[in-house]
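Inside the fold
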Amino acid sequence: MLKYSRIVGTGSHLPEKVLTNKDLEQMVETSDEWIRERTGIGERRIAAKGETTVDLAVPAARRAMQAAGVDPDEIDLIVFGTTTPDQVFPNCGALLQDRLGIRNCPAFSVEAACSSFIYALSVADKFIKLGDAKCALVIGAETLSRIVDWSDRSTAILFGDGAGAVVLKPADEAGIISTHLHTDGFYKDLLYCPVGPSKGFHPDEQGRIPAYIHMAGNEVFKIAVKSLGAIVDETLAANGLDKSAIDWLIPHQANIRIIQATAKKLEMSMDKVIVTVEQHGNTSAASVPMALDAGVRDGRVKRGDLILLEAFGGGLTWGSALIRY
Ligand code: ACO
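A brief look at the structure comes next. Treat the numbers as computed from the prediction; the structure is a model and nothing was measured. (Residues numbered from 1 in each chain as written. Predicted model: local features only at pLDDT ≥ 70, side-chain atom pairs only at ≥ 80, totals over all residues. Heavy atoms only, no water.)

Section: the packing of helix α3 (residues 53–68) against helix α4 (residues 92–100)
- Their axes nearest at 10 Å, the elements α3 and α4 cross at an angle of 60°. Judged on the interaxial angle alone, α4 and α3 are oblique. Along this stretch, α3 crosses α4, giving a crossing that reads as right-handed. Residues Val54, Asp55, Ala57, Val58, Ala61, Arg62 and Met65 of α3 form the contact with α4, whose participating residues are Cys92, Leu95, Leu96, Arg99 and Leu100.
- In the contact of α3 with α4, the residues fall into 9 nonpolar, no polar and 3 charged. (Axes fitted to C-alpha atoms, helices over the stretch in contact; angles between N-to-C directions. Helix = DSSP H or I, 4+ residues; strand = E, 2+ residues; numbered from the N terminus. Parallel < 35°, antiparallel > 145°, perpendicular 65-115°, else oblique. Left-handed = near helix turned anticlockwise from the far one by under 90°. Contact = heavy atoms within 4.5 Å. Nonpolar A, V, L, I, M, F, W, Y, C, P; charged D, E, K, R; others polar.)

In structure tokens form, the structure reads like this:
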């Protein structure tokens, strides 16, 4: 019989250094007022020199395992969502496995930009449902600051670093009710980082290696609002549910206006939405598990609540997960 998977512990971790909008005013032509009005972001955390994505993931994973009451030797699957891996290989899952002292379980990365955690969660859910794993560690962690062009005001204001983690175990009742994943590669040129080991690291016209995020913000914004609205409908329809059934929306934290549009679609008041974008900015794969952990730890999200997780990012990719916490 197919089992469900259930989140039995959450954790998160942020780097120490805070970069405020006021700090950014010294770096590019922008203002605290513009950033807050257009994005809802007040500050973001930036990894220290030499601090990597896996460095951030280790404490997040430990916290999730502690919350779940799970020892490292119980973990039998690691799925690591990230777009900013420490190195080309070994993958971040393997590096994390070593740091946590876990031996010999499948560990791999899933790369789908800001949707990476939802993708990773969906993969781990299927391993558990099919009986191929009994205790999965799912990570969303990023050091996006490493691929930000700090002289480009249209992207430098948006991104931050962080890590979130959940532990999944089998259960007779949901748990994760359904996941929904989408990619439309047609939009590959709207949001991208153009370098890589295969394509190469070639200088642009200014002689710089363009190893940073390029984004057509306005177009991405419109597609995000439309796609996330559609995935809300898809998720509700797949489960025969009305909007009113959802207790909490835990959205990707890219922009408060995108979050408000999705809440409006759900006819949900903003006090039923976990919002961390003001303090974290857009942490890509880390944003949803960090927001979930924030809601769990401050007592807003309770066992039995019905939660809609969603994310949207480069690819373009987007996805949702409906969970009974
Ligand atoms: N400070 C001040 N002015 C600015 C800044 C800034 N930091 N950035 C842009 N502007 C200016 C522009 O130059 C433009 O000026 P103009 O009218 O004179 O030409 C004006 O502000 C408006 O620019 P827009 O780009 O149209 O601003 P918009 O309201 O669209 O906000 C933003 C930009 C915040 C980037 C928004 O489009 C957005 O949030 N997009 C979606 C981002 C997203 O969700 N990405 C997906 C996930 S990320 C990932 O996957 C890695």
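Brief notes about the site of the ligand
- Residues in close proximity to the ligand total 27 residues, the closest being Thr30, Arg38, Cys114, Asn218 and Asn255.
- With respect to the ligand, the side chain of Trp34 contributes an N or O atom lying 3.5 Å from a nitrogen atom.
- Isolated, the ligand exposes 1000 Å² of accessible area, and the fraction of that covered by the protein chains is 74%.
- If you list the elements that add at least two residues to the shell around the ligand, you get α2 (32–39), α6 (153–156), α7 (217–238), α8 (256–265) and β12 (306–313). (Near = heavy atom within 4 Å. Polar contact = N/O pair within 3.5 Å; in protein donor to acceptor, adjacent residues only side chain to side chain. Areas by Shrake-Rupley, 256 points an atom, 1.4 Å probe, with all protein chains shown as cover.)

Points about the sheet that holds strand β6 (residues 136–143)
- Strands sit in the order β1-β7-β6-β4-β5 across an open sheet of 5 strands; the sheet is mixed. Of all the strands in the sheet, the pair left with one neighbour each is β1 (4–13) and β5 (107–110). Averaged over neighbouring strand pairs, the angle between their axes works out to 20° when direction is ignored.
- Two strands pair when backbone bridges link them, and β6 and strand β7 (residues 161–171) are joined in this way by 8 bridges, in the antiparallel orientation. Pairing of Leu137 across the sheet is with Val167, part of β7. (Pairing = 2+ DSSP bridges.)

Focus on unusual backbone geometry
- Geometrically, the link from Phe89 to Pro90 is a cis peptide bond, its omega value of -5° lying close to zero.
- The omega torsion of the bond from Ala174 to Gly175 falls at 10°, within 30 degrees of zero and hence cis.
- With respect to the helices and strands, Gly175 occurs in the loop between β7 and β8 (176–183).
- In the Ramachandran plot, Asn104 falls in the positive-phi region, its phi being about 55° despite a non-glycine side chain.
- Looking at the element boundaries, Asn104 is found in the loop between α4 and β5.
- For Ala113, which is not a glycine, the phi torsion comes out positive at approximately 50°.
- Mapping Ala113 onto the fold places it in the loop between β5 and α5 (116–129).

Some remarks on α8
- Along α8, the residues classified as buried are Ile256, Ile258, Ile259, Thr262 and Ala263. Take α8 and look down its axis: the buried residues cluster within an arc of 160°, on one side only.
- Here the buried face of α8 lies against α2, α7, β11 (248–251), α9 (277–280) and β12.
- Near the N-terminus of α8, the side chain that reaches the backbone nitrogen of Arg257, with its oxygen 2.8 Å away, is that of Asn255.
- Glu267 lies just past α8 and shows a positive phi near 50°. (Buried < 20%, exposed > 50% of the residue type's maximum accessible area, 1.4 Å probe, protein only. Arc of directions from axis to C-beta.)

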